[in-house]
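Analysis of the macromolecular model
Next come the chains, spelled out residue by residue.
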Amino acid sequence: MQYKPRKMSTNGFFRAAGEYIEDKVPMSDDIDGKVVTFKTKDEAFRHWYGETTLDGVRQYDKTMRSLYDRLINAANAVRRNWVSQR
């Protein structure tokens, strides 16, 4: 699965993903001398990076959280098995 848009560097994509996941997306911008404030994190991210990047970051976040949860569950199963054998 390709998460990042073709026109975006890998480093740029992961920097953007980090901003999205950590809720550090700038929530306002000065457009033609007028300050525009965004209501949601998704709206702000879409403005800064585009719809394609937003979709990729959402999918990446969902996949990484799922893999992390599976890793933790497996580690806990090993720990419980080890403790029960003592």
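Here's what I pulled together on the structure shown here. Here the structure is a predicted model, which means the values were calculated and not measured. (Residues numbered from 1 in each chain as written. Predicted model: local features only at pLDDT ≥ 70, side-chain atom pairs only at ≥ 80, totals over all residues. Heavy atoms only, no water.)

1. With respect to the nonpolar core
In terms of nonpolar packing, the biggest core is built from twelve residues, these being Met8, Phe13, Ala16, Ala17, Tyr20, Val25, Phe38, Ala44, Phe45, Leu54, Val57 and Tyr60. Within the residue set of this core, elements represented by two or more residues are α1 (10-21), α2 (41-49) and α3 (51-84). In contact with Phe45, not counting residues within four places along its chain, are Ala16, Tyr20, Val25, Gly50, Thr53, Leu54 and Val57. (Core = buried A, V, L, I, M, F, W, Y, C linked by side-chain atoms within 4.5 Å. Buried < 20%, exposed > 50% of the residue type's maximum accessible area, 1.4 Å probe, protein only. Helix = DSSP H or I, 4+ residues; strand = E, 2+ residues; numbered from the N terminus. Contact = heavy atoms within 4.5 Å.)

2. Digging into the environment of His47
Structurally, the position occupied by His47 is in helix α2. Considered as a pair, His47 and Ser28 are 19 residues apart in the sequence and their alpha carbons are 9.6 Å apart. With residues near it in sequence (within four places) discarded, His47 still touches Asp29, Ile31 and Phe38.

3. Brief notes about the pairing of strand β1 (residues 28-31)
When a strand is regular, its side chains alternate between the sheet's two faces. The pairing of β1 with strand β2 (residues 34-37) spans four bridges and is classified as antiparallel. Residue pairing across strands places Asp29 opposite Val36, the latter belonging to β2. Hairpin geometry of β1 and β2 is characterised by an intervening segment of two residues between the two adjacent antiparallel strands and by a positive phi of about 55° at Asp32. (Pairing = 2+ DSSP bridges.)

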